[in-house]
Amino acid sequence: MVLGFSIALIVFSLLMMLLVLMHKGKGGGLSDMFGGGMQSSVGGSSVAERNLDRITVVVGLLWFACVIVLGLLMKSNS
């Protein structure tokens with residue numbers, strides 16, 4: 001069980017790095033390559049940027065849950 005959560009933590013960590021790098025910063029980002037740079041004149045961020053935000057939050061919560069579960073598993077094993 002610890003091995004499974006350890007693998008999941010590594011996968012979520014790599015995914016988090018990728019998603020954070022895709023976010024648009026002050027000078028643009030990798031999300032511009034995928035259409036995230038096209039902003040509408042209505043205001044707010046584009047649909048691609050909002051979806052990227054949502055996916056990043058979900059992956060971050062899953063990463064945090066893996067850290068908590070691994071901590072509990074390690075504590076109960078010792």
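Before any of the text, the structure's been laid out above.
Residues numbered from 1 in each chain as written. Predicted model: local features only at pLDDT ≥ 70, side-chain atom pairs only at ≥ 80, totals over all residues. Heavy atoms only, no water.

Caption draft 1: Local environment of the overall build of the chain. A count of helices and strands for the chain gives two helices and zero strands. Considering only contacts within the chain whose residues lie at least 6 apart along the sequence, 65% involve residues at least 24 apart. For the chain, the accessible area works out to roughly 5,600 Å², and carbon and sulfur atoms hold 75% of it. (Helix = DSSP H or I, 4+ residues; strand = E, 2+ residues; numbered from the N terminus. Contact = heavy atoms within 4.5 Å. Areas by Shrake-Rupley, 256 points an atom, 1.4 Å probe, with all protein chains shown as cover.)

Caption draft 2: Focus on a nonpolar patch on the surface. On the surface, W63, F64, V67, I68 and L72 cluster together to form a nonpolar patch covering roughly 470 Å² of accessible area. Following the sequence through the fold, I68 ends up in helix α2 (residues 47-77). I68 sits in the partly exposed class, given a relative accessible area of 42%. (Patch = residues over 30% accessible without salt bridge, like charges linked within 9 Å, V, L, I, M, F, W, Y side chains within 5 Å. Salt bridge = Lys/Arg side-chain N within 4 Å of Asp/Glu carboxyl O. Buried < 20%, exposed > 50% of the residue type's maximum accessible area, 1.4 Å probe, protein only.)

Caption draft 3: Focus on the nonpolar core. In this structure, F12, L19, M22, L52, V59 and C66 together form the largest nonpolar core, which totals six residues. The set of elements that each furnish at least two residues to this core consists of α1 (2-22) and α2. Apart from residues no more than four positions distant in its own chain, L19 is found in contact with L52, I55, T56 and V59. (Core = buried A, V, L, I, M, F, W, Y, C linked by side-chain atoms within 4.5 Å.)

Caption draft 4: Quick look at the environment of C66. Along the polypeptide, C66 turns up in helix α2. Residue classification places C66 among the buried positions, given a relative accessible area of 5%. Taking the C-alpha atoms as reference points, C66 and F5, separated by 61 residues in sequence, lie 6.2 Å from one another. Those residues in contact with C66 that sit more than four places away from it in its chain are F5, A8, L9 and F12.

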